[in-house]
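Reading the structure
Chain residues, written in single-letter form:
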Amino acid sequence: MTTTLIPAGAKTAVTPKRRRERQGPAWVFLSPWVLGAVVLTLLPMAVSLYLSFTDYDLFNPPRWVGLRNYVQMFTEDPRYWRSVTTTLTYVVIAVPLQLALALVVALALKSMKRGKAFYRSAFYAPSLLGASMSIALVWRAIFNDGGTVDNLFGTGGWVNRPGWALIAVALLTVWQFGAPMVIFLAGLQQIPAELYEAAAVDGAGKWRQFLSVTVPMLSPVLFFNLVLQTIQAFQVFTPAFAIGAGKGGPADSTLVYTLYLYDRGFVASHMGYASAMAWVLLIVIGAVTAVLFRTSRSWVFYTSEGDR
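Residues numbered from 1 in each chain as written. Predicted model: local features only at pLDDT ≥ 70, side-chain atom pairs only at ≥ 80, totals over all residues. Heavy atoms only, no water.

Section: the overall build of the protein
Formally: Numbering of helices and strands runs from the N terminus, with a helix taken as a DSSP run of H or I at least four residues long and a strand as a DSSP run of E at least two residues long. Each radius of gyration reported is based on C-alpha atoms, and the globular scaling rule is 2.2 Å times the count of residues to the power 0.38. Partly exposed describes any residue whose relative accessible area lies between the buried limit of under 20% and the exposed limit of over 50%, with all areas from a 1.4 Å probe on protein chains only and scaled to the type maximum. Here, two residues are considered to be in contact whenever any of their heavy atoms come within 4.5 Å of each other. For accessible areas, the Shrake-Rupley method is used with a probe of radius 1.4 Å. Any residue's cover is judged against the shown protein chains and nothing else.
Broken down by element type, the protein carries 13 helices and two strands. Against the 2.2 N^0.38 benchmark of 19 Å for 308 residues, the protein shows a C-alpha radius of gyration of 26 Å, more extended than a compact globule. Its C-alpha atoms give the protein principal-axis dimensions of about 90 × 70 × 35 Å. Classification of the 308 residues of the protein by burial places 37% in the buried group. Nonlocal contacts in the protein, meaning residues at least 24 apart in sequence, comprise 66% of its contacts between residues at least 6 apart. Counting only carbon and sulfur atoms, one obtains 67% of the accessible surface of the protein, whose full area is about 18400 Å².

Take a look at the structure:
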(Lines give C-alpha, C1' and ligand atoms only; values in the text may rest on other atoms or scores of the structure.)
Protein backbone atom coordinates (compact mmCIF):
# COMPACT_ATOMS: atom_id res chain seq x y z
CA MET A 1 0.00 0.00 0.00
CA THR A 2 1.45 3.32 -1.08
CA THR A 3 0.68 6.52 0.84
CA THR A 4 1.06 9.87 -0.90
CA LEU A 5 2.01 12.71 1.38
CA ILE A 6 0.78 16.22 0.49
CA PRO A 7 3.20 18.95 1.62
CA ALA A 8 1.85 21.41 4.17
CA GLY A 9 0.43 24.52 2.55
CA ALA A 10 -0.05 22.84 -0.83
CA LYS A 11 -3.38 23.56 -2.55
CA THR A 12 -5.45 20.65 -3.79
CA ALA A 13 -7.35 21.02 -7.04
CA VAL A 14 -11.12 21.27 -6.72
CA THR A 15 -12.95 19.48 -9.48
CA PRO A 16 -16.08 21.05 -11.04
CA LYS A 17 -18.17 18.23 -9.56
CA ARG A 18 -16.79 18.89 -6.09
CA ARG A 19 -17.43 22.63 -6.52
CA ARG A 20 -21.06 22.00 -7.47
CA GLU A 21 -21.48 19.76 -4.43
CA ARG A 22 -20.24 22.56 -2.19
CA GLN A 23 -22.46 25.18 -3.83
CA GLY A 24 -25.60 23.02 -3.75
CA PRO A 25 -26.63 23.69 -0.11
CA ALA A 26 -25.96 27.42 -0.57
CA TRP A 27 -28.34 27.61 -3.53
CA VAL A 28 -30.96 25.68 -1.57
CA PHE A 29 -30.90 28.28 1.21
CA LEU A 30 -30.76 31.16 -1.30
CA SER A 31 -33.58 29.83 -3.47
CA PRO A 32 -36.46 31.60 -1.59
CA TRP A 33 -34.71 34.96 -1.96
CA VAL A 34 -33.77 34.32 -5.60
CA LEU A 35 -37.31 33.20 -6.43
CA GLY A 36 -38.77 36.25 -4.69
CA ALA A 37 -36.35 38.61 -6.45
CA VAL A 38 -37.17 37.16 -9.86
CA VAL A 39 -40.95 36.86 -9.44
CA LEU A 40 -41.61 39.98 -7.34
CA THR A 41 -38.94 42.39 -8.63
CA LEU A 42 -37.15 41.52 -11.87
CA LEU A 43 -40.16 40.14 -13.75
CA PRO A 44 -42.46 43.09 -12.85
CA MET A 45 -39.68 45.49 -13.83
CA ALA A 46 -39.31 43.82 -17.21
CA VAL A 47 -43.08 43.93 -17.77
CA SER A 48 -43.28 47.59 -16.78
CA LEU A 49 -40.41 48.43 -19.14
CA TYR A 50 -42.33 46.81 -21.99
CA LEU A 51 -45.57 48.56 -20.99
CA SER A 52 -43.79 51.94 -20.99
CA PHE A 53 -43.60 51.64 -24.78
CA THR A 54 -47.27 50.74 -25.17
CA ASP A 55 -50.74 52.22 -24.86
CA TYR A 56 -52.31 50.11 -22.11
CA ASP A 57 -55.50 50.85 -20.18
CA LEU A 58 -55.67 47.73 -17.93
CA PHE A 59 -58.68 46.36 -19.84
CA ASN A 60 -57.48 45.95 -23.42
CA PRO A 61 -54.30 44.32 -24.73
CA PRO A 62 -51.31 46.69 -24.78
CA ARG A 63 -50.66 48.38 -28.13
CA TRP A 64 -47.07 49.25 -29.07
CA VAL A 65 -46.53 53.01 -29.48
CA GLY A 66 -42.74 53.26 -29.18
CA LEU A 67 -41.47 56.44 -27.51
CA ARG A 68 -44.81 58.26 -27.62
CA ASN A 69 -45.33 58.08 -23.84
CA TYR A 70 -41.92 59.61 -23.19
CA VAL A 71 -42.38 62.33 -25.82
CA GLN A 72 -45.78 63.21 -24.39
CA MET A 73 -44.37 63.25 -20.89
CA PHE A 74 -41.58 65.70 -21.66
CA THR A 75 -43.26 67.94 -24.22
CA GLU A 76 -47.06 67.81 -23.90
CA ASP A 77 -47.91 67.37 -20.21
CA PRO A 78 -47.64 70.47 -18.02
CA ARG A 79 -48.92 68.58 -14.96
CA TYR A 80 -45.99 66.21 -15.27
CA TRP A 81 -43.53 69.08 -14.93
CA ARG A 82 -45.62 70.47 -12.10
CA SER A 83 -45.21 67.15 -10.28
CA VAL A 84 -41.45 67.23 -10.93
CA THR A 85 -41.15 70.75 -9.51
CA THR A 86 -43.29 69.88 -6.49
CA THR A 87 -41.23 66.76 -5.75
CA LEU A 88 -37.91 68.60 -6.01
CA THR A 89 -39.23 71.34 -3.72
CA TYR A 90 -40.38 68.74 -1.23
CA VAL A 91 -37.00 66.96 -1.27
CA VAL A 92 -35.09 70.23 -0.76
CA ILE A 93 -37.30 71.16 2.21
CA ALA A 94 -37.86 67.82 3.92
CA VAL A 95 -34.50 66.05 3.73
CA PRO A 96 -32.24 68.79 5.22
CA LEU A 97 -34.75 69.61 7.97
CA GLN A 98 -35.22 65.96 8.89
CA LEU A 99 -31.48 65.26 9.05
CA ALA A 100 -30.78 68.45 11.00
CA LEU A 101 -33.46 67.63 13.59
CA ALA A 102 -32.28 64.02 13.82
CA LEU A 103 -28.69 65.16 14.45
CA VAL A 104 -29.72 67.72 17.08
CA VAL A 105 -31.78 65.16 18.99
CA ALA A 106 -29.00 62.56 18.69
CA LEU A 107 -26.51 65.04 20.17
CA ALA A 108 -28.90 65.76 23.03
CA LEU A 109 -29.46 62.05 23.71
CA LYS A 110 -25.74 61.34 23.69
CA SER A 111 -25.15 63.75 26.57
CA MET A 112 -28.06 62.39 28.64
CA LYS A 113 -27.18 60.36 31.71
CA ARG A 114 -30.61 58.93 32.55
CA GLY A 115 -33.63 57.97 30.48
CA LYS A 116 -31.72 57.64 27.22
CA ALA A 117 -33.39 54.34 26.28
CA PHE A 118 -36.88 55.73 26.90
CA TYR A 119 -36.38 58.89 24.86
CA ARG A 120 -34.65 57.00 22.07
CA SER A 121 -37.68 54.71 21.78
CA ALA A 122 -40.10 57.63 22.03
CA PHE A 123 -38.38 59.59 19.27
CA TYR A 124 -38.12 56.49 17.10
CA ALA A 125 -41.84 55.66 17.33
CA PRO A 126 -42.98 58.23 14.70
CA SER A 127 -40.76 56.50 12.14
CA LEU A 128 -42.85 53.37 12.62
CA LEU A 129 -46.22 55.14 12.57
CA GLY A 130 -45.71 58.09 10.24
CA ALA A 131 -46.00 56.20 6.97
CA SER A 132 -49.52 54.96 7.74
CA MET A 133 -52.61 56.52 6.20
CA SER A 134 -54.23 56.96 9.63
CA ILE A 135 -51.41 59.18 10.87
CA ALA A 136 -51.49 61.16 7.61
CA LEU A 137 -55.22 61.78 8.05
CA VAL A 138 -54.65 62.93 11.64
CA TRP A 139 -51.93 65.24 10.33
CA ARG A 140 -54.38 66.65 7.79
CA ALA A 141 -56.88 67.34 10.59
CA ILE A 142 -54.19 69.13 12.63
CA PHE A 143 -53.37 71.48 9.74
CA ASN A 144 -56.95 71.88 8.47
CA ASP A 145 -59.29 74.82 9.06
CA GLY A 146 -60.14 74.88 12.75
CA GLY A 147 -57.37 72.38 13.51
CA THR A 148 -54.72 72.56 16.18
CA VAL A 149 -52.35 74.77 14.20
CA ASP A 150 -55.16 77.15 13.26
CA ASN A 151 -56.34 77.41 16.86
CA LEU A 152 -52.85 78.02 18.24
CA PHE A 153 -51.46 80.43 15.66
CA GLY A 154 -54.50 81.65 13.74
CA THR A 155 -52.79 80.92 10.42
CA GLY A 156 -55.79 79.24 8.84
CA GLY A 157 -55.86 75.77 7.36
CA TRP A 158 -52.53 74.96 5.75
CA VAL A 159 -53.94 72.08 3.72
CA ASN A 160 -56.27 74.49 1.90
CA ARG A 161 -53.59 77.05 1.04
CA PRO A 162 -51.38 76.33 -2.01
CA GLY A 163 -48.38 78.03 -0.47
CA TRP A 164 -48.52 76.01 2.75
CA ALA A 165 -49.93 72.57 1.90
CA LEU A 166 -46.60 71.17 0.71
CA ILE A 167 -44.92 72.44 3.88
CA ALA A 168 -47.45 70.45 5.91
CA VAL A 169 -46.49 67.35 3.90
CA ALA A 170 -42.78 68.04 4.48
CA LEU A 171 -43.31 68.54 8.22
CA LEU A 172 -44.88 65.09 8.46
CA THR A 173 -41.67 63.67 6.98
CA VAL A 174 -39.53 65.77 9.31
CA TRP A 175 -41.56 64.44 12.25
CA GLN A 176 -40.41 60.93 11.26
CA PHE A 177 -36.78 61.66 12.16
CA GLY A 178 -36.42 58.66 14.47
CA ALA A 179 -34.65 56.28 12.07
CA PRO A 180 -31.84 58.67 11.04
CA MET A 181 -31.63 59.84 14.66
CA VAL A 182 -30.85 56.30 15.87
CA ILE A 183 -28.19 55.95 13.16
CA PHE A 184 -26.66 59.31 14.12
CA LEU A 185 -26.64 58.28 17.78
CA ALA A 186 -24.82 55.06 16.97
CA GLY A 187 -22.25 57.04 14.96
CA LEU A 188 -21.74 59.59 17.72
CA GLN A 189 -21.03 56.85 20.24
CA GLN A 190 -18.19 55.57 18.04
CA ILE A 191 -16.27 58.87 18.08
CA PRO A 192 -13.31 58.54 20.49
CA ALA A 193 -13.53 60.83 23.52
CA GLU A 194 -9.80 61.52 23.18
CA LEU A 195 -10.47 63.65 20.12
CA TYR A 196 -12.72 65.99 22.08
CA GLU A 197 -10.20 66.13 24.93
CA ALA A 198 -7.42 67.03 22.53
CA ALA A 199 -9.58 69.71 20.92
CA ALA A 200 -10.45 71.15 24.34
CA VAL A 201 -6.75 71.28 25.26
CA ASP A 202 -6.13 73.25 22.06
CA GLY A 203 -8.75 75.76 23.19
CA ALA A 204 -11.62 74.67 20.95
CA GLY A 205 -15.08 75.47 22.24
CA LYS A 206 -18.20 73.35 21.80
CA TRP A 207 -19.05 74.80 18.41
CA ARG A 208 -15.48 74.38 17.11
CA GLN A 209 -15.43 70.80 18.43
CA PHE A 210 -18.67 70.12 16.58
CA LEU A 211 -17.30 71.48 13.29
CA SER A 212 -13.77 70.07 13.57
CA VAL A 213 -14.39 66.75 15.31
CA THR A 214 -18.04 65.69 15.24
CA VAL A 215 -18.88 66.56 11.64
CA PRO A 216 -15.78 64.99 10.01
CA MET A 217 -15.97 61.85 12.16
CA LEU A 218 -19.72 61.57 11.56
CA SER A 219 -19.53 62.27 7.82
CA PRO A 220 -19.86 58.58 6.73
CA VAL A 221 -23.03 58.26 8.82
CA LEU A 222 -24.31 61.60 7.53
CA PHE A 223 -23.69 60.44 3.97
CA PHE A 224 -25.53 57.17 4.60
CA ASN A 225 -28.55 58.98 6.04
CA LEU A 226 -28.50 61.55 3.24
CA VAL A 227 -28.61 58.89 0.52
CA LEU A 228 -31.29 56.86 2.30
CA GLN A 229 -33.59 59.79 3.07
CA THR A 230 -33.17 61.35 -0.37
CA ILE A 231 -34.23 58.13 -2.07
CA GLN A 232 -37.23 57.84 0.23
CA ALA A 233 -38.18 61.49 -0.30
CA PHE A 234 -38.37 61.06 -4.08
CA GLN A 235 -40.88 58.25 -3.50
CA VAL A 236 -43.16 60.08 -1.05
CA PHE A 237 -46.82 59.18 -1.57
CA THR A 238 -49.00 58.60 1.50
CA PRO A 239 -48.69 62.05 3.16
CA ALA A 240 -49.30 63.85 -0.14
CA PHE A 241 -52.24 61.57 -0.96
CA ALA A 242 -53.91 62.18 2.41
CA ILE A 243 -53.24 65.90 2.74
CA GLY A 244 -54.03 66.60 -0.93
CA ALA A 245 -57.24 64.53 -0.76
CA GLY A 246 -55.83 62.15 -3.35
CA LYS A 247 -55.80 64.80 -6.09
CA GLY A 248 -52.71 66.84 -5.29
CA GLY A 249 -54.71 69.83 -4.15
CA PRO A 250 -55.03 72.63 -3.56
CA ALA A 251 -54.06 73.85 -7.05
CA ASP A 252 -51.67 70.89 -7.53
CA SER A 253 -49.49 72.18 -4.70
CA THR A 254 -49.12 68.63 -3.26
CA LEU A 255 -48.98 66.85 -6.62
CA VAL A 256 -45.75 64.93 -6.03
CA TYR A 257 -44.37 62.62 -8.69
CA THR A 258 -45.65 59.31 -7.30
CA LEU A 259 -49.11 60.76 -6.74
CA TYR A 260 -49.33 61.86 -10.37
CA LEU A 261 -48.02 58.44 -11.42
CA TYR A 262 -50.82 56.83 -9.41
CA ASP A 263 -53.35 59.20 -10.99
CA ARG A 264 -52.22 58.37 -14.53
CA GLY A 265 -52.03 54.64 -13.94
CA PHE A 266 -54.95 53.76 -11.68
CA VAL A 267 -57.35 56.70 -11.98
CA ALA A 268 -57.02 57.56 -15.67
CA SER A 269 -56.08 53.95 -16.62
CA HIS A 270 -53.06 55.08 -18.65
CA MET A 271 -50.83 52.30 -17.37
CA GLY A 272 -48.34 52.59 -20.22
CA TYR A 273 -47.80 56.26 -19.44
CA ALA A 274 -47.49 55.50 -15.72
CA SER A 275 -44.91 52.79 -16.47
CA ALA A 276 -42.87 55.31 -18.44
CA MET A 277 -43.06 57.72 -15.49
CA ALA A 278 -41.88 54.98 -13.15
CA TRP A 279 -38.80 54.26 -15.25
CA VAL A 280 -37.94 57.94 -15.49
CA LEU A 281 -38.17 58.13 -11.69
CA LEU A 282 -35.89 55.10 -11.34
CA ILE A 283 -33.30 56.68 -13.65
CA VAL A 284 -33.46 60.03 -11.83
CA ILE A 285 -33.04 58.40 -8.40
CA GLY A 286 -30.09 56.42 -9.73
CA ALA A 287 -28.53 59.58 -11.17
CA VAL A 288 -29.02 61.56 -7.96
CA THR A 289 -27.52 58.72 -5.93
CA ALA A 290 -24.53 58.55 -8.29
CA VAL A 291 -23.99 62.32 -7.90
CA LEU A 292 -24.10 62.00 -4.11
CA PHE A 293 -21.52 59.21 -4.21
CA ARG A 294 -19.35 61.22 -6.58
CA THR A 295 -19.42 64.39 -4.48
CA SER A 296 -18.91 62.45 -1.24
CA ARG A 297 -15.22 62.14 -2.08
CA SER A 298 -14.73 65.76 -1.10
CA TRP A 299 -16.51 65.76 2.27
CA VAL A 300 -16.79 62.19 3.61
CA PHE A 301 -13.83 61.05 5.71
CA TYR A 302 -13.01 57.53 6.90
CA THR A 303 -10.69 56.93 9.84
CA SER A 304 -9.81 53.37 8.87
CA GLU A 305 -8.36 54.30 5.50
CA GLY A 306 -6.13 57.03 4.17
CA ASP A 307 -8.67 57.69 1.43
CA ARG A 308 -11.64 56.04 -0.18
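Structural notes on the side chain of T258
Residue placement: T258 occurs in helix α12 (residues 257–267). The class of T258 is buried, set by a relative accessible area of 13%. In contact with T258, other than residues within four places in its own chain, are F234, Q235, V236, F237 and L281.

Quick word on a nonpolar patch on the surface
Put simply, the rule is: The residues that make up patches have over 30% relative accessible area and no salt bridge, and they are joined within 9 Å when like-charged or within 5 Å when they are Val, Leu, Ile, Met, Phe, Trp or Tyr. Between Lys or Arg on one side and Asp or Glu on the other, a salt bridge is scored when a side-chain nitrogen of the former is within 4 Å of a carboxyl oxygen of the latter.
Together, L35, V38, V39, L40, L42, M45 and L282 make up a nonpolar patch on the protein surface, roughly 650 Å² of accessible area in all. For the nonpolar patch, the element with the highest residue contribution is helix α1 (residues 16–51), accounting for six residues. By the secondary structure assignment, V38 is in helix α1. According to the relative accessible area criterion, V38 is partly exposed, its value standing at 40%.

Quick notes on the nonpolar core
Nonpolar side chains tend toward joint burial in soluble globular proteins. What counts is decided by this rule: Note on terminology: a nonpolar core comprises buried Ala, Val, Leu, Ile, Met, Phe, Trp, Tyr and Cys residues joined through side-chain atoms within 4.5 Å.
M73, Y80, Y90, F184, Y257 and M277 are the most contacted members of the largest nonpolar core, which totals 61 residues. Among the elements that line this core, the one with the most residues is helix α3 (residues 78–110), at 12 residues. If we skip the residues at most four places from it in the chain, Y90 touches V95, L166, V169, A170, T173, A233 and V236.

Observations regarding the confidence of the model for the protein
Cut-off, in case you're wondering: pLDDT measures how confident the predictor is about each residue, on a scale from 0 to 100.
Confidence in the prediction of the protein, expressed as mean pLDDT, is 86, and 90% of residues score 70 or more. Confidence, read as mean pLDDT per element, is least for helix α6 (residues 148–153) in the protein (78) and greatest for helix α13 (residues 271–295) (95).

Quick word on unusual backbone geometry
In this chain, G249 is followed by P250 through a cis amide linkage whose omega measures -5 degrees. With a phi close to 60 degrees, A245 is a non-glycine residue in the positive phi region. Tracing the chain through its elements places A245 in the loop between α11 (238–243) and α12. Although it is not a glycine, D252 adopts a positive phi angle of roughly 60 degrees. Structurally, the position occupied by D252 is in the loop between α11 and α12.

A few points about the packing of α12 against α13
To keep things clear, this is the line we draw: For helices, the axis comes from a line fit to the C-alpha atoms of the stretch in contact; other axes are also lines fit to C-alpha atoms, and the angle between any two N-to-C directions lies between 0 and 180 degrees. In what follows, roughly perpendicular refers to angles from 65 to 115 degrees, roughly parallel to angles under 35, roughly antiparallel to angles over 145, and oblique to any angle outside these ranges. Handedness of each helix crossing follows the sense of rotation of the near helix against the far helix: counterclockwise by less than a right angle gives left-handed, clockwise gives right-handed.
Where α12 meets α13, the closest approach of the two axes is 7 Å, and the angle between their N-to-C directions is 155 degrees. Classified by the interaxial angle, the pair formed by α12 and α13 is roughly antiparallel. Crossing hand, α12 versus α13: left-handed. Contacts between α12 and α13 involve Y257, T258, Y260, L261, R264, G265 and F266 from the former and M271, Y273, A274, M277, A278, V280 and L281 from the latter.

Considering the environment of Y260
Along the chain, Y260 turns up in helix α12. Residue classification places Y260 among the buried positions, given a relative accessible area of 2%. For the pair Y260 and K247, spaced 13 residues apart in the sequence, the C-alpha separation amounts to 8.3 Å. Those residues within four positions of Y260 in sequence are excluded, and the remaining contacts are D77, R79, Y80, S83, L255 and M277.

Some words on the pattern of salt bridges
Two side chains bearing opposite charge may form a pair once their charged atoms approach each other closely. Within the structure shown, the criterion is met by four salt bridges. Measuring nitrogen to oxygen at the nearest pair gives 3.1 Å for the salt bridge that ties D55 to R63. Residue R63 is classed as partly exposed on the basis of its relative accessible area, which comes to 45%. Salt bridges here are not isolated pairs; linked through shared partners, they connect D55, R63 and R68.

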